[in-house]
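Each chain, letter by letter, is given below.
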Amino acid sequence: MDQILRQIRYELQQARFLAEQQAAERLRLALNNEAYREADAEVSRCMIAAARAEAMGEAGDKEEAAYQRALKHRTAVAKKYRISEQSFAPQYGCPLCNDTGYTEDGKICPCVRREYYRRFNLSCGLSPLGLADFSQCDPSVYAANEQEAAALRIKRLKDYAENYPNVKEINLLLYGKTGTGKTFLAECVASEMIQKGYTVLYLSSHSLNQLFLRYINERNTTLFERITQADFLVIDDLGSETIIKNITCELLQAALNTRMQTNKPFIITTNYDGLKLREHYGEKLFSRIASNKTQFLQFTGADLRIKRKKT
Ligand SMILES: [Zn+2]
């Protein structure tokens with residue numbers, strides 16, 4: 001188990017312990033109230049009497065009625081003294097797993113997976129919380145003759161994010177010149193996916209390269225698994241990294257292969273068009289990137305960063 005996961009497990013355990021302690025404390029305080037304590041004791045007595053009657057094979061109608069009366073009385077007393085009986089149950093942070101980290105069917109809870117990738121992204125120098133989202137999209141930042149195309153790109157990516165996984169092409173390749181908004185829109189899709197509960201690993205191609213290097217140098221297979229197992233892999237600015245011989249292309253190809261087999265999508269932004277990608281990465285890797293499951297989306301227009309600097 002790696003460090004991040006161990007830490008999350010530890011924190012969950014602490015949270016669970018704290019929630020249970022606080023609930024016990026609330027109950028203890030409520031029982032300091034004499035009227036409530038008596039009403040509660042009466043509920044216990046009636047419950048035992050009803051259970052005994054049932055065990056003896058008696059009808060037990062009288063006992064059951066007394067038990068119901070005692071319950072009602074206790075609720076009334078609680079109301080009178082503003083005691084919240086719901087607060088006696090531990091208030092766990094995650095209603096899916098009650099902070100155990102596992103769902104009922106024994107699977108790792110989505111809360112753990114989400115937190116894991118949030119921290120993993122942070123450890124790679126990226127904060128998923130700082131990602132742009134679709135509400136910030138504004139085609140009017142483009143020149144007048146570019147706005148229609150920009151609005152169309154936004155629409156296509158919004159459709160993708162809304163309909164995923166029911167989309168024909170699960171991978172996205174956003175290509176075009178620097179400063180045309182590729183990264184911005186890739187972030188929008190990523191944050192939409194995080195909101196939908198998917199895990200997202202968001203890396204610049206440079207950070208991805210660094211991860212590959214660490215995986216090789218530290219012989220840390222967990223690092224490679226993180227790349228293959230995240231629900232979404234976003235690689236920003238592919239082509240800007242330095243190609244390390246026997247590492248960059250080979251591991252990227254292996255990672256995309258594995259992801260393809262498990263039907264896990266990628267989103268890639270790049271300044272290269274198809275021709276240049278093939279030239280730069282070779283036929284094998286190119287065929288992984290540009291398979292029939294990849295939607296190509298070209299970004300056009302003037303460099304927005306330069307325009308923004310001018311204004
Ligand atoms: Zn959970």
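Everything quoted here is computed from the prediction, not taken from an experiment.

Novice: Now, about the pairing of strand β4 (residues 266-270): what can you tell me, with residues and values included?
Specialist: Of all five residues in β4, five are buried, a share of seventy percent or more. Side chains F266, I268 and T270 project from β4 onto one buried face, and the interleaved I267 and T269 project onto a second face that is buried too. Pairing of strand β1 (residues 171-176) with β4 involves four bridges; the strand directions are parallel. What sits directly across from L173, in β4, is I268. As judged from the four bridges shared by strand β3 (residues 232-238) and β4, these two strands associate in the parallel manner. By the bridge assignment for β4, L233 is matched with F266. Handedness of the β3-helix α9 (residues 248-261)-β4 crossover: right-handed.

Novice: Please give an account of the pairing of strand β2 (residues 200-204) that cites residues and values.
Specialist: Burial runs high along β2: five of the five residues are buried. Neither face of β2 is exposed, since V200, Y202 and S204 on one face and L201 and L203 on the opposite face are all buried. Pairing of β2 with β3, which is carried by five bridges, proceeds in the parallel orientation. Across the sheet, Y202 pairs through a bridge with V234, a residue of β3.

Novice: Run through the confidence of the model for the protein, naming residues and quoting values.
Specialist: Mean pLDDT over the protein works out to 90, with 95% of the residues at or above the 70 mark. The lowest-confidence element of the protein is helix α11 (residues 304-310), averaging 55 in pLDDT; the highest-confidence one is β4, averaging 97.

Novice: Before we move on, could you go through the nonpolar core and cite the residues and values that matter?
Specialist: The biggest cluster of nonpolar side chains holds 48 residues, and the ones touching the most others in it are V189, A190, V200, L201, F232 and V234. The dominant element in this core, judged by the number of residues it contributes, is helix α6 (residues 182-195), at eight residues. Beyond its immediate chain neighbours, meaning those up to four positions away, F232 contacts A190, M193, Y198, V200, P265 and I267.

Novice: Any details on unusual backbone geometry? Residues and values, ideally.
Specialist: Here Y164 and P165 are connected by a cis peptide whose omega angle stands at 10°. Structurally, P165 can be placed in the loop between α5 (147-163) and β1. Look at R219: it is not a glycine, yet its phi comes out positive at around 50°. For R219, the position within the fold is in the loop between α7 (205-218) and α8 (221-229).

Novice: Go over the packing of helix α1 (residues 3-31) against helix α4 (residues 110-123) with me, naming the residues and quoting the values.
Specialist: Where α1 contacts α4, the axes come no closer than 10 Å and their chain directions differ by 130°. If you check the angle between α1 and α4, you find them oblique. For α1 against α4, the interelement crossing comes out right-handed. In this structure, α1 contributes I4, L5 and I8 to the contact, and α4 contributes V112, E115, Y116, R119 and F120.

Novice: I'd like a rundown of the environment of C97, residues and numbers included.
Specialist: Relative to the helices and strands, C97 resides in the loop between α3 (61-80) and α4. Of the residues examined, C97 has 20 C-beta atoms within 10 Å and is grouped as buried. It is 9.7 Å that separates the C-alpha atoms of C97 and K107, two residues lying 10 residues apart in sequence. Those residues in contact with C97 that lie beyond four places of it in its chain are Y102, T103, C109 and C111.

Novice: Can you tell me about α5, naming the residues and giving the values?
Specialist: Its 17 residues give α5 an end-to-end C-alpha distance of 24 Å, which sits within 8% of 24 Å, the value for a rise of 1.5 Å per residue. Among the residues making up α5, those that are buried are A150, R153, L157, Y160 and A161. Seen along its axis, α5 keeps its buried residues to an arc of 95°; they face one direction. Looking at α5, the residues exposed on the side facing more than 90 degrees away from the buried face are E148, L152, K155, D159, E162 and N163. The secondary structure elements touched by the buried residues of α5 are β1, α6 and β5 (294-299).

Novice: So, the packing of helix α2 (residues 34-55) against α3: which residues are in play, and what are the values?
Specialist: Packed helices, taken two at a time, are described by the angle their axes make and the gap between the axes. Contact geometry of α2 with α3 gives a least axis separation of 8 Å together with a crossing angle of 160°. When the interaxial angle is binned, α2 and α3 end up roughly antiparallel. For the crossing formed where α2 meets α3, the hand is left-handed. In this structure, α2 uses A35, Y36, A39, D40, E42, V43, C46, M47, A49, A50 and A53 to contact α3, whose residues at the interface are E63, E64, A66, Y67, A70, L71, H73, R74, V77 and A78. Grouping the constituent residues of the contact of α2 with α3 by class yields 15 nonpolar, one polar and five charged.

So, how was this worked out
- Residues numbered from 1 in each chain as written.
- Predicted model: local features only at pLDDT ≥ 70, side-chain atom pairs only at ≥ 80, totals over all residues.
- Buried ≥ 20, exposed ≤ 12 C-beta atoms within 10 Å, placed from the backbone.
- Helix = DSSP H or I, 4+ residues; strand = E, 2+ residues; numbered from the N terminus.
- Pairing = 2+ DSSP bridges.
- Right-handed = clockwise from strand over helix to strand, strands pointing away.
- pLDDT = per-residue confidence, 0-100.
- Core = buried A, V, L, I, M, F, W, Y, C linked by C-beta atoms within 7 Å.
- Contact = placed C-beta atoms within 7 Å.
- Axes fitted to C-alpha atoms, helices over the stretch in contact; angles between N-to-C directions.
- Parallel < 35°, antiparallel > 145°, perpendicular 65-115°, else oblique.
- Left-handed = near helix turned anticlockwise from the far one by under 90°.
- Expected span 1.5 Å × (residues − 1).
- Arc of directions from axis to C-beta.
- Nonpolar A, V, L, I, M, F, W, Y, C, P; charged D, E, K, R; others polar.

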